[in-house]
Amino acid sequence: MTSSASTRKTAAAKTPRKGVANPAENVVDMEMSTGADSHMGLRLWLRLLTTTNLVQTELRRRLRVEFDTTLPRFDLMAQLERHPEGLRMTELSRRMMVTGGNVTGITDQLEKEGLVVRDADPADRRSIAVRLTPEGRALFDRMAIAHEQWVVEMFGGLSLDEKSKMHDRLGKLKQHLRDSLQG
């Protein structure tokens, strides 16, 4: 291959096709806003945030393309999959860390599609429990398998040892934060 052909091929590989979004371009790299003299804690936080945003953006894209769904819908269904008896709307809101209005909107959509049902809570008639339908469970099972494969793929650049060490270190940070922020 000639050097000019090689240069054109490299340039073409870096240039996204017209009309095709490049997910990496949609995520602002917060690390770029810090200087070399920034506190390492700040730099670490920005690296974690950037990495999380990159993974989340790609998961959102794949859920949309492969299943015509959103990450919040997937998250709600994941909560219900763990609780076949159903969950109250307030509990769903708490677990998903979103407002009750957000949960209601997502639940309305999923109910119209026959993926969830609302049941009056026998213990409290004013409270509504939401649960997956058999169709919802079957769809979620397919999405969960794909989601797991995507995450495994995205972390494939790390060895098992690297992933294990990072997991342990983040666990240590998480425990430190829980201990120090409870007061």
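Bear in mind the structure is a predicted one, so any value in this text is a computation, not a measurement.

**Some words on the packing of aromatic side chains**
As enumerated under the stated definition, the model contains two aromatic pairs in all. Considering the side-chain rings of Phe67 and Trp150, the 6.2 Å spacing of their centres and the 55 degrees angle between planes classify their relative orientation as tilted. Placement of Phe67 in helix H2 (residues 40-67) and of Trp150 in helix H6 (residues 134-154) is noted, with a sequence separation of 83 residues between them. When its relative accessible area of 22% is taken as the criterion, Phe67 is described as partly exposed. Overall, Trp150 belongs to the buried group, its relative accessible area being 8%. When the ring of Phe74 is compared with that of Phe140, the centres are 5.2 Å apart and the planes differ by 35 degrees; the resulting orientation is tilted.

**What about the side chain of Arg62?**
Relative to the assigned elements, Arg62 resides in helix H2. Ignoring sequence-local partners within four residues, the contact set of Arg62 consists of Phe67, Trp150 and Glu153.

**Things to note about the pattern of salt bridges**
All told, the structure shown has ten salt bridges when counted by the stated rule. The residue Glu58 makes a salt bridge to Arg62 at a minimum N-O spacing of 2.6 Å. One end of the pair, Glu58, and the other, Arg62, are both in helix H2, four residues apart, so they sit about a helical turn from each other. A relative accessible area of 12% places Glu58 in the buried class. Salt-bridge contacts for Asp161 lead to Lys165; the nearest nitrogen and oxygen are separated by 3.1 Å. Here the residue Asp161 and the residue Lys165 both occupy positions in helix H7 (residues 160-181), the gap between them amounting to four residues, near one helical turn. Taken together, the salt bridges that share partners define one network made up of Glu58, Arg61, Arg62 and Glu153.

What counts and what doesn't
Residues numbered from 1 in each chain as written. Predicted model: local features only at pLDDT ≥ 70, side-chain atom pairs only at ≥ 80, totals over all residues. Heavy atoms only, no water. Phe/Tyr/Trp six-rings, centres within 6.5 Å; stacked < 30°, edge-to-face > 60°. Helix = DSSP H or I, 4+ residues; strand = E, 2+ residues; numbered from the N terminus. Buried < 20%, exposed > 50% of the residue type's maximum accessible area, 1.4 Å probe, protein only. Contact = heavy atoms within 4.5 Å. Salt bridge = Lys/Arg side-chain N within 4 Å of Asp/Glu carboxyl O.

Taken by themselves, the reported measurements are silent on function.
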